[in-house]
Amino acid sequence: MKNVKSAQCLVTLLLLVISSAKATAFDKEDLARLESTKQCPACDLRGADLYQMDLGEANLIQADLRGAQCIATNFRGANLTGANFKNANLMSASLAGATLSGANFAKSNLRVADFTRLNLSGINFRGANLYDTNLEGADLTDADLRDVYLYSANLSGANLTRADLSNSKIYYHQLKAAHLCNTLTRFWGELSQGCSAY
């Protein structure tokens, strides 16, 4: 009887592992379409390997890229509206000129990524790693930057109006380089410097 119960538990565990793997696997046809046409709105690319892929000007509106490997991937000028990059690895990725409205970067690795002068207003970065990321001149109005690692990130000229940096790791001199208006911070409370400028 004990052996039967053990076997049942093992079978149940195996089924859970298999169904979990299927739930996080990308659609191979979607990946092939992206590679050949760069047109892949609402594609299932969960966990896909997009390492150093040239996706400049690609259409990835509402694409599911959770857990995708996008190291050094070129997203320049891509339409990433509503794309979900939660837990994705975008280390050294270039997103210059990309459209990111409604995108989700929660818990993603964005080390050394390029977000120069992008509209990132309202974007969810909660729990992301933004170490040494270039956010120069970016509009981060109302962005969720809670629990974010921002050490060495370039925030020169970035607009942090109403951004929430609660529990984020950042140096004060980095904040001074940005535009602050009702900006919530971990150690310095709410910061404002010239709110009428924006």
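Heads up: these notes are all about the structure in this document. (Residues numbered from 1 in each chain as written. Predicted model: local features only at pLDDT ≥ 70, side-chain atom pairs only at ≥ 80, totals over all residues. Heavy atoms only, no water.)

## A short note on the pattern of salt bridges
In step 1: Counted under the stated rule, the structure contains 9 salt bridges.
In step 2: With its nearest N and O atoms 3.8 Å apart, the salt bridge here joins Asp 54 to Lys 38. Taken together, the residues span a long stretch of sequence, with Asp 54 in the loop between α2 (28–37) and β1 (164–165) and Lys 38 in the loop between α2 and β1 at a distance of 16 residues.
In step 3: Relative accessible area serves as the criterion here: at 45%, Asp 54 is assigned to the partly exposed category.
In step 4: The salt bridge partner of Arg 146 is Asp 144, with a shortest N-O separation of 2.7 Å.
In step 5: A single salt-bridge network, built from bridges that share partners, covers Asp 44, Arg 46, Asp 64 and Arg 66. (Salt bridge = Lys/Arg side-chain N within 4 Å of Asp/Glu carboxyl O. Helix = DSSP H or I, 4+ residues; strand = E, 2+ residues; numbered from the N terminus. Buried < 20%, exposed > 50% of the residue type's maximum accessible area, 1.4 Å probe, protein only.)

## Examining the packing of aromatic side chains
In step 1: Tallying each qualifying case throughout the model produces 10 aromatic pairs.
In step 2: Centre to centre, the rings of Phe 105 and Phe 125 are 5.5 Å apart; their planes meet at 10 degrees, and the pair counts as stacked. Here Phe 105, found in the loop between α2 and β1, pairs with Phe 125, found in the loop between α2 and β1; they are 20 residues apart in sequence, far enough to count as distant.
In step 3: Classification of Phe 105 as buried rests on a relative accessible area of 0%. (Phe/Tyr/Trp six-rings, centres within 6.5 Å; stacked < 30°, edge-to-face > 60°.)

## Points about the sheet that holds strand β3 (residues 190–191)
In step 1: Read from one edge of the open sheet, 3 strands run β1-β2-β3, paired in mixed fashion. Both edges of this open sheet fall to β1 and β3, since each of them pairs with a single strand only.
In step 2: Relative to β3, strand β2 (residues 183–185) is paired through 2 bridges, and the arrangement is antiparallel. Pairing of Leu 184 across the sheet is with Glu 190, part of β3. (Pairing = 2+ DSSP bridges.)

## A word on the environment of Asn 74
In step 1: With respect to the helices, strands and loops of the structure, Asn 74 is situated in the loop between α2 and β1.
In step 2: Accessibility expressed as a relative area gives 22% for Asn 74, which makes it partly exposed.
In step 3: Expressed as a C-alpha distance, the spacing of Asn 74 and Asp 54, which sit 20 residues apart in the sequence, is 4.9 Å.
In step 4: Ignoring any residue separated from it by four or fewer positions in sequence, one finds Asn 74 in contact with Met 53, Asp 54, Leu 55, Gly 56 and Ser 94.
In step 5: Only 2.9 Å separates the side chain of Asn 74 from the backbone nitrogen of Arg 76, close enough to count as a polar contact. (Contact = heavy atoms within 4.5 Å. Polar contact = N/O pair within 3.5 Å; in protein donor to acceptor, adjacent residues only side chain to side chain.)

## Considerations on the state of the cysteines
Note on terminology: disulfide describes a covalent bond linking the sulfur atoms of two cysteines.
In step 1: The full count for this structure, using the stated rule, is 2 disulfides.
In step 2: Paired by a disulfide, Cys 40 and Cys 43 hold their sulfur atoms 1.7 Å apart. What sets the handedness of the Cys 40 and Cys 43 disulfide is the S-S torsion sign, and at about -90 degrees it is left-handed. Each member of the pair, Cys 40 as well as Cys 43, is classed as buried. (Disulfide = S-S within 2.5 Å.)

Distances and angles like these do not, on their own, reveal function.
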